[in-house]
Amino acid sequence: MGGQQYALGHRLSELLHRRTVLVLTLLFVVGGGLLLLRQLEDQRDVIEAKSIEDAKAYSHTLATIREVYTKEVVEVVRKQGILVTHDSKEQPGSIPLPATLSMELGGKMGSAGSGMHARLYRPSPFPWPKEPGGPRDDFARDAWAALSADAGTAFYRVE
């Protein structure tokens with residue numbers, strides 16, 4: 001029995017010596033493939049983290065714009081008798097409501113090719129927009145439920 005194991009080991013050793021280039025090539029290809037796979041996973045993780053970071057920044061920026069617009073523009077012009085309305089494009093001399101401005105900004109964000117867009121949500125459609133409002137898909141419904149339960153926690157999903 002020991003002789004058979006020795007003979008098998010000897011044959012394997014000879015085969016490896018004769019096929020060294022083949023064995024090294026196979027090891028190199030397998031190792032390179034594993035490294036490439038790992039690099040792709042790391043790259044996906046970085047892109048995902050950066051996307052979430054960017055979305056949070058966009059969201060914060062839109063919230064800040066809405067807050068400043070409400071306090072520094074809407075409150076000032078209302079005191080001067082200027083109409084603040086959802087259909088300011090149809091009413092000369094008026095300015096849009098903060099919600100209308102937010103919807104307009106959110107719609108235009110992705111028009112520059114960034115792929116990013118933002119929507120203003122509420123549990124039921126706004127009474128005035130021409131397009132249907134309210135949550136339109138599972139993501140929007142899930143986001144609304146999560147944010148209604150805890151508005152301080154960001155909601156996102158990678159799809």
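About the cut-offs
- Residues numbered from 1 in each chain as written.
- Predicted model: local features only at pLDDT ≥ 70, side-chain atom pairs only at ≥ 80, totals over all residues.
- Heavy atoms only, no water.
- Core = buried A, V, L, I, M, F, W, Y, C linked by side-chain atoms within 4.5 Å.
- Buried < 20%, exposed > 50% of the residue type's maximum accessible area, 1.4 Å probe, protein only.
- Helix = DSSP H or I, 4+ residues; strand = E, 2+ residues; numbered from the N terminus.
- Contact = heavy atoms within 4.5 Å.
- pLDDT = per-residue confidence, 0-100.
- 1 Å grid on protein atoms, 1.4 Å probe; cavity = no way out; pocket = protein on both sides within 12 Å on 5 of 7 lines; lining within 4 Å.
- Points joined across faces, edges and corners; volume = space filled by probe spheres on them.
- Nonpolar A, V, L, I, M, F, W, Y, C, P; charged D, E, K, R; others polar.
- Expected span 1.5 Å × (residues − 1).
- Salt bridge = Lys/Arg side-chain N within 4 Å of Asp/Glu carboxyl O.

Visitor: Could you give an account of the nonpolar core, naming the residues involved and the relevant values?
Guide: Grouped together as the largest cluster of nonpolar side chains are five residues: Tyr69, Val74, Val77, Val84 and Ile95. A per-element tally of this core places helix α2 (residues 20-79) first, with three residues. Contact partners of Val74, with chain neighbours within four places excluded, come to Tyr69, Val84, Ile95, Pro96 and Pro98.

Visitor: Run through the confidence of the model for the protein, naming residues and quoting values.
Guide: On average, the protein scores 84 in pLDDT, and the residues at 70 or more come to 91%. Ranking the elements of the protein by mean pLDDT puts helix α1 (residues 2-18) last, at 76, and strand β2 (residues 95-96) first, at 94.

Visitor: Summarise the layout of surface pockets; cite the residues concerned and give the values.
Guide: When its volume is computed, the largest pocket comes out at roughly 1,700 Å³. Considering the residues around the largest pocket, the lining is formed by 40 residues, among which Ala55, Ser59, His117, Phe139 and Phe155 are closest to the centre. Among the secondary structure elements, those contributing two or more residues to the lining of the largest pocket are α2, α3 (98-109) and α4 (138-149). The element that contributes the greatest number of residues to the lining of the largest pocket is α2, accounting for 12 residues. Grouping the amino acids of the lining of the largest pocket by side-chain chemistry returns 22 nonpolar, nine polar and nine charged.

Visitor: Describe α3, with residues and values.
Guide: Because the α-helix completes a turn every 3.6 residues, residues three or four places apart line up on one side. Helix length check: α3, at 12 residues, gives a terminal C-alpha distance of 16 Å against a target of 16 Å (1.5 Å per residue), a fit within 8%. Among the residues of α3, those classed as buried are Pro98, Ala99, Thr100, Ser102, Gly106 and Met109. Tucked into the core, α3 has its buried residues touching α2, β1 (84-85) and β2.

Visitor: I'd like a description of the pattern of salt bridges, backed by residues and values.
Guide: In the structure shown here, the tally under the stated rule is nine salt bridges. The shortest N-O distance in the salt bridge between Lys89 and Glu104 comes to 3.4 Å. Here Lys89 is found in the loop between β1 and β2, whereas its partner Glu104 is found in helix α3, with 15 residues between them in sequence. Each member of the salt-bridge network shares a partner with another, and the members are Lys50, Glu53 and Asp54.

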